[in-house]
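Below are the chains, spelled out letter by letter.
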Amino acid sequence: MSSDLKESATQQNKKTVGRLFLLVVGMFGFGFFIMPPLYGLICDITGSTNILNGGTTGRITEADLFKSKVDKNRVITVQFDLTKNADLPWEIYPMVKTMELHPGEVKEIAYFAKNNSDKTIVAQAIPGVTPWQATEHFNKTECFCFQKQELKPGESKKMPLRFVIDHKLPNELKTITLSYTFMDTDRNKLKKTKNIPQLHSSL
Amino acid sequence: MSAVTHEEHHHDEPPKGFKRWLYSTNHKDIGTMYLVFALVMLFLGGAMAMLIRAELYMPGLQILDPDLYNNLVTDHALIMVFGVVMPAAAGMANWMIPMMIGAPDMALPRMNNMSFWLLPAAAVLLVSSLLVQFIPGTGTPVNTGWTLYPPLSVQVGLGMDLLIFTVHLLGISSIMASINIVTTILNMRAPGMKMMDMPLFVWAWFFTGLLLVIIMPVLAGGVTMLLFDRHFGTSFFDAAGGGDPVLFQHLFWFFGHPEVYVLLLPSIGVLGLVIPTFSRKPLFGYKPLVYFMGVLFVLGLIVWAHHQYTIGMSLGATMYFMIGTIMISIPIGLMIFNFIFTMWRGSMTFETPMLFAIAIILMFSFAGVTGVMLAVVPADLQYHDTYFVVAHFHYALIPGAVFGLYAGVFYWLPKWTGHMYDEKLGKIFFWWTTLAFNMTFFPQHFSGLAGMPRRIVDYNIQFIEFNQISSIGAFAFGLSHLLFLYIIIKTVKGGEKAPAKPWDGAQIGTPGLEWTLPSPPPFHSFTTPPKLK
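The rules behind the values
Residues numbered from 1 in each chain as written. Chains lettered and ligands numbered in written order. Predicted model: local features only at pLDDT ≥ 70, side-chain atom pairs only at ≥ 80, totals over all residues. Helix = DSSP H or I, 4+ residues; strand = E, 2+ residues; numbered from the N terminus. Rg over C-alpha atoms; globule rule 2.2 N^0.38 Å. Buried ≥ 20, exposed ≤ 12 C-beta atoms within 10 Å, placed from the backbone. Core = buried A, V, L, I, M, F, W, Y, C linked by C-beta atoms within 7 Å. Contact = placed C-beta atoms within 7 Å. Pairing = 2+ DSSP bridges. Axes fitted to C-alpha atoms, helices over the stretch in contact; angles between N-to-C directions. Expected span 1.5 Å × (residues − 1). Arc of directions from axis to C-beta. Nonpolar A, V, L, I, M, F, W, Y, C, P; charged D, E, K, R; others polar. Parallel < 35°, antiparallel > 145°, perpendicular 65-115°, else oblique. Left-handed = near helix turned anticlockwise from the far one by under 90°. pLDDT = per-residue confidence, 0-100.

Asker: Explain the overall build of chain B to me, please; I cannot follow it from the model alone.
Answerer: Within chain B one finds 16 helices and two strands. Scaling as 2.2 N^0.38, a compact globule of 533 residues should have a C-alpha radius of gyration of about 24 Å, and chain B matches this with 23 Å. Taking the principal axes of the C-alpha coordinates as reference, chain B spans close to 65 × 50 × 45 Å. Burial statistics for chain B: of 533 residues in total, 56% are counted as buried.

Asker: Would you take a moment to explain the environment of B:Thr277 for this structure?
Answerer: Along the chain, B:Thr277 turns up in helix α8 (residues 245-279). On the basis of neighbour count, B:Thr277 is assigned to the buried category, with 26 C-beta atoms found within 10 Å.

Asker: Would you mind going over the nonpolar core with me for this structure?
Answerer: Soluble globular proteins tend to pack their nonpolar side chains together in the buried interior. B:Val85, B:Ile101, B:Val202 and B:Val274 are the most contacted members of the largest nonpolar core, which totals 172 residues. Among all residues touching B:Val202, those that are not within four sequence positions of it are B:Ile97, B:Met100, B:Ile101 and B:Ile185. One finds A:Ala125, A:Cys143, A:Phe144 and A:Ile176 within the second-largest nonpolar core, a separate group that totals 27 residues.

Asker: What should I look at first to understand the sheet that holds strand β2 (residues 90-94) of chain A in this one?
Answerer: Backbone-to-backbone hydrogen bonds pair the strands of a sheet. The strands run either parallel or antiparallel. Residues and elements named next belong to chain A. The strand order β2-β4-β8-β6 describes an open sheet built from four strands, whose pairing is antiparallel. With partners counted over all chains shown, the strands left at the sheet margins are β2 and β6 (138-143), one partner each. Strand-to-strand twist of the sheet, defined as the mean angle between neighbouring strand axes without regard to direction, takes the value 25 degrees. Bridge count between β2 and strand β4 (residues 106-115): five bridges; the pairing is antiparallel. By the bridge assignment, Tyr 93 is partnered in β4 with Phe 112.

Asker: Quick question: what am I supposed to make of helix α9 (residues 286-301) of chain B here?
Answerer: It helps to recall that an α-helix has 3.6 residues per turn; residues three or four apart then point in one direction. Residue and element names in this part refer to chain B. Given a rise of 1.5 Å per residue, 16 residues ought to cover 22 Å, and the 23 Å separating the end C-alpha atoms of α9 matches this to within 8%. Buried within α9 we find Tyr 286, Leu 289, Met 293, Leu 296 and Gly 300. Looking straight down α9, one finds that the buried residues subtend no more than 65 degrees of arc, so they occupy a single side. Within α9, the exposed residues directed more than 90 degrees away from the buried face are Lys 287 and Val 298. Of the surrounding secondary structure, the elements contacted by the buried residues of α9 are α7 (200-231), α8 and α10 (315-343).

Asker: Looking at this structure, how should I read the interface of chain A and chain B?
Answerer: Put simply, an interface is often sized by how much accessible area is lost when its parts join up. Listed by partner, the interface residues are 34 residues for chain A and 36 residues for chain B. Counting only elements with at least two residues in the side of chain A that touches chain B, the list comes to α1 (3-46), β9 (175-184) and α3 (187-192) of chain A. When residues of the side of chain A that touches chain B are assigned to their parent elements, the largest contribution, 18 residues, is made by α1(A). A breakdown of the residues in the side of chain A that touches chain B according to their chemical character gives 21 nonpolar, nine polar and four charged.

Asker: How should helix α15 (residues 464-493) of chain B be read in this particular structure?
Answerer: All names here are of chain B. With 30 residues, α15 extends 44 Å between its outermost C-alpha atoms, agreeing within 8% with the 44 Å of an ideal straight helix rising 1.5 Å per residue. By the burial criterion, the buried members of α15 are Phe 466, Asn 467, Ser 470, Ser 471, Gly 473, Ala 474, Phe 477, Phe 484, Ile 487 and Thr 491. Looking at the buried residues of α15, the elements they touch are α2 (27-55), α13 (387-417) and α14 (423-449). One or two steps after α15, the chain reaches Gly 495, where phi turns positive at roughly 125 degrees.

Asker: Whenever I open this one, the environment of B:Asp65 confuses me. Can you help?
Answerer: With respect to the helices and strands, the residue B:Asp65 is situated in the loop between α2 and α3 (66-101). A count of 14 C-beta atoms within 10 Å places B:Asp65 in the partly exposed class.

Asker: So what exactly am I meant to see when it comes to the sheet that holds strand β1 (residues 76-84) of chain A here?
Answerer: Residue and element names in this part refer to chain A. If you trace the five strands from one edge of the open sheet to the other, you get β3-β1-β9-β5-β7, paired in mixed fashion. In this open sheet, the two edge strands, each paired with only one partner strand, are β3 (98-101) and β7 (149-151). Pairs of neighbouring strands in the sheet enclose a mean axial angle of 30 degrees, with direction left out of account. In this structure, strand β5 (residues 121-130) lies alongside β7, joined through three bridges in antiparallel fashion.

Asker: For this particular structure, what's the right way to read the pairing of strand β8 (residues 156-165) of chain A?
Answerer: Looking along a regular strand, one sees side chains alternate from face to face of the sheet. Residue and element names in this part refer to chain A. The pairing of β4 with β8 spans nine bridges and is classified as antiparallel. Pairing of Ala 113 across the sheet is with Lys 157, part of β8. Direction of pairing for β6 relative to β8: antiparallel, over a ladder of five bridges. By the bridge assignment for β8, Asn 139 is matched with Val 164.

Asker: Would you explain the environment of B:Ala177 in this entry?
Answerer: Considering the arrangement of structural elements, one finds B:Ala177 in helix α6 (residues 158-187). Discounting chain neighbours no more than four positions away, the residues touching B:Ala177 are B:Ala90 and B:Ser115.

Asker: Honestly, unusual backbone geometry in this entry has me stumped. Any pointers?
Answerer: Note: most residues except glycine have negative phi, and most peptide bonds are trans. With an omega dihedral of -5 degrees, the bond running from A:Thr130 to A:Pro131 counts as a cis peptide bond. Inspection of the secondary structure assignment puts A:Pro131 in the loop between β5 and β6. Note that the residue after B:Pro150, namely B:Pro151, is joined by a cis bond; omega there is 5 degrees. Its place among the elements puts B:Pro151 in the loop between α4 (109-131) and α5 (152-155). The phi angle at B:Arg280 is positive, at roughly 55 degrees, despite the residue not being glycine. Its location among the elements puts B:Arg280 in the loop between α8 and α9. Within the chain, B:Arg455 stands out as a residue other than glycine whose phi angle is a positive 60 degrees. Within the fold, B:Arg455 resides in the loop between α14 and α15.

Asker: Would you explain the packing of α3(B) against α7(B) in this entry?
Answerer: Helix packing geometry: the angle between the two helix axes and the distance between the axes. Residue and element names in this part refer to chain B. In the contact formed by α3 and α7, the axes pass within 10 Å of each other and the chain directions differ by 120 degrees. If you check the angle between α3 and α7, you find them oblique. Handedness of the crossing formed by α3 with α7: left-handed. Within the contact between the two elements, α3 uses Ala 93, Met 96, Ile 97, Met 100 and Ile 101 and α7 uses Phe 201, Val 202 and Trp 205. Classifying every residue of the contact of α3 with α7 by side-chain character gives eight nonpolar, no polar and no charged.

Asker: Even after reading the chapter, I still don't get the confidence of the model for chain B, so can you show me in this structure?
Answerer: Reading predicted coordinates in detail is not appropriate for stretches of low pLDDT. On average, residues of chain B carry a pLDDT of 91, and 97% of them reach 70 or more. Counted against residues more than four places away or in other chains, residues 1-10 of chain B, with its pLDDT under 50, gives 19 contacts.

Asker: Please clarify how the packing of α4(B) against α6(B) should be interpreted in this entry.
Answerer: Residue and element names in this part refer to chain B. Relative to each other, α4 and α6 sit at 160 degrees, their axes nearing to 8 Å. Judged by the angle between their axes, α4 and α6 are roughly antiparallel. Here α4 and α6 pass one another in a crossing that is left-handed. Residue composition of the contact of α4 with α6, grouped by class: 17 nonpolar, eight polar and no charged.

Here it is, written out as structure tokens:
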């Protein structure tokens, strides 16, 4: 190869490699810096919950509570369930495990929680509704998931939940499960956890 | 197309001793090292598969502890993907692409050396991530599966950190190799060779290289976040700290789905040479095949979430990913038709590479059919994480990727070594390995549809028969590779001398320049650019 040709080939190679390298750096940046906030944004827009703003899905005001008309012809079974994330040393269970109600009927139940550890723990509950088609029809005026819950060592409390399922709920839905995941909000404690989170089903 | 070559004869002798390999900047030597590395890793990953199948011969726990079993499942996948298929394909690219396009060497020979030598280091790290669990106090083994999903991967022991660094090294290695190959293809072609004159294998690697450059950094970013979550108190993937474990799944599969095409495309490239060669007919629809690869490249990048139908995506997103995934069967189906039309009315002979090529067309199409089943959301919700998925992706990857590489090995062994391989042994190897492969993975469709979950050491006794057939098939499949090794060693040591053009239809099969060189080619080839006629 003549030296001229070689020279221009090397120049061309440098250019191509530079472009490809920029692509690599760009894609790493996309994965590392852009994807996490972008993903959070998409979740916010589509209404997925985020622990930092609390589990506010389906929150309505007292005034709206009785707006839905009661449909006496239908009976819906609601099941209550919970999961404890990463060894939260609390004893928690729904005081009613399953109930039957009409769409539009306002109901109130409570979850019982007791801190079994010797430390004060602040926890946050994140709700989830199954099947997901029912999520937008499951409305709450009062829920322990709206705020962080603090329990001193040995302290216990009943945490109320007041809800209504509006009458627009699709006809084919007969059973709805409301499930909460309780999480310790102290990050450092979580890091030390070596055990796999266990599923505590209350059903 | 033919070329006039003027070989320069000064310093044509390779350096002696270990320096030849350690300091090598020669594309043929580096190609050989890649191929040998892949072969060694094939036996390591294969041995893990044998252990897994031995454990699954009977329900209950026999020889493996559940965590160790899951660690072996994880490492089997990582070794086969990153240690076998990708290095073997890169080895073939190193050997063949400069010779096909008439380049003296790769564009960046020193980077080429480095991208290979990162691999053994990564292999050592990977093996130590498996062994470190035997030291007390290092925590749970990496029992996550190759997808490394958090929250489990945040909680397992030291092995995970070693594995994260392994993935970093492998990523850097394959990014450098890809940059090198793409640059070579773009800039180093012999004067007069246009992009549309290149053999299909070169085109396939062009798209593979671009894919790797795009997806590998995203995986590297994902596992780096995992490392931060484990040690630096961030919570990218921790719901209790405001993160979301599903984010990792998106990052992983943004890499993981195109990765399937990274494994597949080089083999499609080999098919595009082998089938015309032994049909003695030019490739049917060369240009459309290149376009189909381009379509595959684009579609492959935008359908990743079909691996995650069960995470609870919105209906719209699920529909989009389902339709996109089903659309992929169009370019792939058309490629298969192109290969069949190439064979149509050709004067076919059935040497070992051709046998593998035909087997790929049959079995890979079968994987395509189960793939469409899995793409359909309501069906996938049933099949998700069962052995049906295991059967599907082994049918896609063993014929689609591994058999394509075998076809390539047999097709080019005469060129690489200067000796013809033993055709009789080659055919025995083909029938043995193909039958054993089908015996291993075909029954897994049934056990999967009946509900046997994957990645679990134990199973219900109703699946005993299917699993025993599977295990016996797997042992036969594993053993057949000893014959493969024997054939390769025998060919390297000696055998009938191979001419420059060992196959009748070689020049019909590929428009490249590799057959203008003697077999084996000189240490330095095309130091003066060939003149195309």
